[in-house]
Amino acid sequence: MLHLCSRRSLAVLYKVACNRGAQNRPLQEGGERAAIGGVNPLAAEFVNMTRSLLQSETVDLAMQDVVHAAVRFVNGCDAASFSAYADNVVTTLASTGPIADEADAEQYRAFDGPCLQAIQTMQLVIAADLTSDQRWPKFVRAATNVRSVISAPVSNERPMGAEPASLNNYSMQANAFTSEDADTAILLTAHLGVLLRL
């Protein structure tokens with residue numbers, strides 16, 4: 001089994017999930033917010049994902065769990081992928097399917113795009129509407145299936161330093177993501193970062 005998450009990272013995930021979920025639940029009498037079985041549903045999903053990661057038999061399966069979790073947890077995310085260096089070339093190591101694969105491939109062909117920028121700068125990259133974004137003209141011309149992107153950098157944080165990577169969240173709608181969605185994407189990269197340390 002893979003030991004992917006420390007108690008501290010699990011606690012952070014739970015706290016953020018509770019805070020996010022509480023904003024979306026109706027108030028009950030006395031100002032209490034409703035919860036199913038006394039547990040915030042979003043927090044329960046984060047806990048379930050962490051359990052799944054801990055029980056994954058291989059790193060590849062765990063990476064697949066994380067990219068699929070991005071679609072479930074990041075509001076507006078239609079597809080997700082994990083891009084990283086392999087043999088000195090950026091490639092897609094995990095994805096949710098053709099939409100993410102194509103968006104990644106277009107960036108690799110253009111030698112530019114949000115995921116490559118996130119990898120190169122180790123900074124969060126957000127594109128609210130690719131049709132009006134001037135940062136990556138070649139990619140924007142080729143990207144026909146996606147309109148919004150969050151690319152969150154992933155580092156394995158080894159002392160010697162190894163190649164960085166990116167968790168890419170794609171939406172087919174413009175202005176699909178909020179700052180809270182970016183926070184969720186960053187939390188998911190923490191899981192991927194731990195995977196790379198194994």
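Residues numbered from 1 in each chain as written. Predicted model: local features only at pLDDT ≥ 70, side-chain atom pairs only at ≥ 80, totals over all residues. Heavy atoms only, no water.

(A) The confidence of the model for the protein, seen in detail. When the pLDDT values of the protein are averaged, the result is 78; 66% of them are 70 or greater. Confidence over residues 1–14 falls short of pLDDT 50; this stretch has 33 contacts with residues more than four positions distant or in other chains. pLDDT under 50 marks residues 20–36. Its contacts with residues more than four places away, or in other chains, come to 25 contacts. (pLDDT = per-residue confidence, 0-100. Contact = heavy atoms within 4.5 Å.)

(B) Main features of the nonpolar core. Core analysis: the largest hydrophobic core is formed by 22 residues, its most contacted members being Val67, Val74, Phe82, Val154, Leu167, Leu188 and Leu192. Broken down by secondary-structure element, the contributors of at least two residues to this core are α3 (59–73), β1 (79–86), β4 (148–154), β5 (165–171) and α7 (179–197). No other element matches α3, which puts six residues into this core. Counting residues in hydrophobic clusters, the runner-up holds 15 residues, among them Ala103, Ala110, Leu130 and Val140. (Core = buried A, V, L, I, M, F, W, Y, C linked by side-chain atoms within 4.5 Å. Buried < 20%, exposed > 50% of the residue type's maximum accessible area, 1.4 Å probe, protein only. Helix = DSSP H or I, 4+ residues; strand = E, 2+ residues; numbered from the N terminus.)

(C) Representation of helix α4 (residues 98–110) within the structure. With 13 residues, α4 should reach 18 Å at 1.5 Å per residue; the first-to-last C-alpha distance of 18 Å fits that figure. Taken together, the buried positions of α4 are Ala100, Ala103, Asp104, Glu106, Gln107, Tyr108 and Ala110. Lining the buried residues of α4 we find β1, β2 (89–95), α5 (114–121), α6 (137–142) and β5. Just beyond α4, the residue with positive phi is Phe111, at close to 55°. (Expected span 1.5 Å × (residues − 1).)

(D) Quick peek at the pattern of salt bridges. What the rule picks out here adds up to three salt bridges. The residue Glu106 makes a salt bridge to Arg109 at a minimum N-O spacing of 3.1 Å. With Glu106 and Arg109 both in helix α4 and three residues apart, the pair spans about one turn of that helix. (Salt bridge = Lys/Arg side-chain N within 4 Å of Asp/Glu carboxyl O.)

(E) Structural view of the sheet that holds β5. In spatial order, the strands read β2-β1-β5-β4-β3; together these five strands make up an open sheet with antiparallel pairing. In this open sheet, the two strands that pair with only one neighbour each are β2 and β3 (125–127). Neighbour-to-neighbour, the strand axes of this sheet turn through a mean angle of 20°, independent of strand direction. Of the pairings in the sheet, the one linking β4 to β5 comprises seven bridges and is antiparallel in character. Across the sheet, Val154 pairs through a bridge with Ala165, a residue of β5. (Pairing = 2+ DSSP bridges. Axes fitted to C-alpha atoms, helices over the stretch in contact; angles between N-to-C directions.)

(F) Structural detail: the side chain of Ser95. Looking at where Ser95 falls in the secondary structure, it is placed in strand β2. Residue class for Ser95 comes out buried when judged on its relative accessible area of 13%. Within the structure, the side chain of Ser95 is placed 3.3 Å from the backbone nitrogen of Gly97, a separation counted as a polar contact. A polar side-chain atom of Ser95 sits 2.6 Å from a polar atom in the side chain of Asp101. Ignoring any residue separated from it by four or fewer positions in sequence, one finds Ser95 in contact with Gln64, Val67, His68, Ala80, Ser81, Ala100 and Asp101. (Polar contact = N/O pair within 3.5 Å; in protein donor to acceptor, adjacent residues only side chain to side chain.)

(G) The arrangement of the pairing of β2 in detail. As defined by bridge partners, β1 adjoins β2 across six bridges and the pair is classed as antiparallel. Along β2, the bridge assignment pairs Phe82 with Ala94. Joining the antiparallel neighbours β1 and β2 is a turn of two residues, in which Asp87 adopts a positive phi near 55°.

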